[in-house]
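In case you want the letters, here they are:
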Amino acid sequence: MSESIELFITVRATVAEIWRALTDADDRENWWGEDVVLDAKVGGSFREPWEDDEGEQKLASGKVTAIKVNKEITFTWKEKDWPANAQTTCTFSIEDKGKTRALILNHSGWEIFPPAKQKKIMKDFQIGWTYHLQELKAYLDD
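Attention in this report is confined to the structure presented alongside it.

Thresholds, definitions, all that
- Residues numbered from 1 in each chain as written.
- Predicted model: local features only at pLDDT ≥ 70, side-chain atom pairs only at ≥ 80, totals over all residues.
- Heavy atoms only, no water.
- Core = buried A, V, L, I, M, F, W, Y, C linked by side-chain atoms within 4.5 Å.
- Buried < 20%, exposed > 50% of the residue type's maximum accessible area, 1.4 Å probe, protein only.
- Helix = DSSP H or I, 4+ residues; strand = E, 2+ residues; numbered from the N terminus.
- Contact = heavy atoms within 4.5 Å.
- Pairing = 2+ DSSP bridges.
- Phe/Tyr/Trp six-rings, centres within 6.5 Å; stacked < 30°, edge-to-face > 60°.

A separate point is the nonpolar core. Judged by nonpolar contacts, the single largest core of 36 residues is most densely connected at Trp77 and Phe92. Listed by contribution, the elements that provide at least two residues to this core are strand 1 (4–11), helix 1 (15–23), strand 4 (57–68), strand 5 (72–79), strand 6 (88–96), strand 7 (101–108) and helix 3 (115–141). Broken down by element, the residue count for this core peaks at 7 residues, all from helix 3. Residues within four places of Phe92 in sequence aside, it is in contact with Leu22, Trp31, Trp32, Lys71, Glu72, Ile73, Phe75, Leu103, Ile104, Leu105, Trp129 and Leu133.

Right under this line is the structure:
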């Protein structure tokens, strides 16, 4: 069974505005970070340089594996300090709910880590994703 983090936000923005916030570098820097790369095509690059609580520089990277324009983008995620075989998968999905839209994040594949590490890393990622999704909601609903 695949372990996953699933979070969602509801926004008033249009599907096209949400898609642009995910895939356009100028929009993405307003909620995720100016150095985050998510090249919205199959095989496109994903990169997120970040700093942990101790001030250590980190780097997440991956590749876009699937895309449905204005609906869904899936990419792999690997931290530079993870074991060679360790890689997770992120999917952003957009659902039109009429007056609002839902953006769903699913980050899966955590079972590659030993149980104790898996629990801690999933908790850390859940906190991080919750923060970024709230930033995205504030940006889109502004």
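Here we come to the pairing of strand 1. What you see with strand 1 is a clean split: Ile5, Leu7, Ile9 and Val11 sit on the buried side and Ser4, Glu6, Phe8 and Thr10 on the side with no burial. Inspection of the sheet shows strand 1 paired to strand 7 by 8 bridges, in the antiparallel sense. Within the sheet, the bridge partner assigned to Ile9 lies in strand 7 and is Leu103.

With that settled, consider the packing of aromatic side chains. Scanning the model with the defined rule gives 16 aromatic pairs in all. Taking 6.1 Å as the distance between ring centres and 75° as the angle between the ring planes, the aromatic pair formed by Trp82 and Trp110 counts as edge-to-face. A residue pair is termed long-range when its members are at least 10 positions apart, and Trp82 in the loop between strand 5 and strand 6 and Trp110 in the loop between strand 7 and helix 3 qualify at 28 residues. This pair shows no difference in class: Trp82 is buried, exactly as Trp110 is. Through pairs of rings, three or more aromatic residues link up here, namely Trp31, Trp32, Phe46, Phe75, Trp77, Trp82, Phe92, Trp110, Phe113, Phe125 and Trp129.

With 6 bridges joining them, strand 5 and strand 6 adopt antiparallel strand pairing. Considered in strand 6, the bridge of Trp77 is made with Thr88. With 8 bridges connecting them, strand 6 and strand 7 associate as antiparallel partners. What sits directly across from Ile94, in strand 7, is Leu103. What sits between strand 6 and strand 7 in their antiparallel hairpin is a turn of 4 residues, with Gly98 showing a positive phi close to 95°.

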